[in-house]
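So the chains spell out like this:
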Amino acid sequence: MNDLIIDYKLPQKIKVTSMVCSVFFAILSVVIVLQQVFANKYSIMFFLGIVGILFSAVLFLMVYLYKPDFKIMLNNDELRIRLRKQRIDGIISWANVSHLGVGLYYFEITASDKTYKLDLGSVKYNDLKAIKTKLVEVCESKSINYSNL
């Protein structure tokens with residue numbers, strides 16, 4: 001059985017492109033602001049330059065500091081999951097799982113020590129279908145009880 005890996009992150013090409021655009025826009029905005037300051041006139045171009053500096057900083061921070069941190073790796077032995085909004089980060093071994101509840105956009109996995117509720121509302125629909133199919137396939141092969149919620 002193949003592993004299912006779903007990893008949402010920005011491609012390197014987009015990161016580099018946004019970095020170049022951000023730096024170019026910041027340099028252009030700083031030049032405009034400095035020209036306005038040295039000419040001692042604060043027209044609309046000065047304020048547009050300030051907004052441009054802020055915009056380039058936000059663009060840079062969005063791409064390099066914001067990490068979606070969404071990753072699911074599903075195979076016959078374990079479920080590795082990292083969901084940032086739910087603070088779920090770990091490994092669930094199928095040997096410890098006794099029941100799987102399948103909802104519309106969420107799953108409830110009952111393991112030997114506790115119950116995990118995985119809300120996958122932010123996942124793309126095709127990825128959600130693939131996760132559900134793979135989970136049911138693993139449950140059938142491991143003889144784990146599963147039901148719809």
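Scroll up to find the structure this text is about.
Residues numbered from 1 in each chain as written. Predicted model: local features only at pLDDT ≥ 70, side-chain atom pairs only at ≥ 80, totals over all residues. Heavy atoms only, no water.

End to end, helix α2 (residues 44-64) covers 30 Å across 21 residues, agreeing with the expected 30 Å (1.5 Å per residue, within 8%). Among the residues making up α2, those that are buried are Phe46, Gly49, Gly52, Ser56 and Val63. Here the buried residues of α2 occupy an arc of 125° about the axis, which is enough to place them on one side. Exposed residues on α2 whose side chains face more than 90 degrees from its buried face are Ile44, Val51, Leu54 and Met62. Elements that come into contact with the buried residues of α2 comprise α1 (12-38). (Helix = DSSP H or I, 4+ residues; strand = E, 2+ residues; numbered from the N terminus. Expected span 1.5 Å × (residues − 1). Buried < 20%, exposed > 50% of the residue type's maximum accessible area, 1.4 Å probe, protein only. Arc of directions from axis to C-beta. Contact = heavy atoms within 4.5 Å.)

For the rest of this paragraph, the subject is the nonpolar core. Phe107, Leu120 and Ile131 are the most contacted members of the largest nonpolar core, which totals 27 residues. Secondary-structure elements contributing two or more residues to this core are β1 (4-8), β2 (70-74), β3 (78-83), β5 (97-102), β6 (106-111), β7 (115-119) and α3 (125-142). The element that contributes the greatest number of residues to this core is α3, accounting for five residues. (Core = buried A, V, L, I, M, F, W, Y, C linked by side-chain atoms within 4.5 Å.)

Within the structure shown, the criterion is met by one cavity of 30 Å³ or more. Here the largest cavity defines a volume of roughly 50 Å³. Lining the largest cavity are Ile72, Leu79, Ile81, Phe107, Ile109, Leu118, Leu120, Ile131 and Leu135. Elements with a contribution of two residues or more to the lining of the largest cavity: β3, β6 and α3. Of the residues that constitute the lining of the largest cavity, the class distribution is nine nonpolar, no polar and no charged. (1 Å grid on protein atoms, 1.4 Å probe; cavity = no way out; pocket = protein on both sides within 12 Å on 5 of 7 lines; lining within 4 Å. Points joined across faces, edges and corners; volume = space filled by probe spheres on them. Nonpolar A, V, L, I, M, F, W, Y, C, P; charged D, E, K, R; others polar.)

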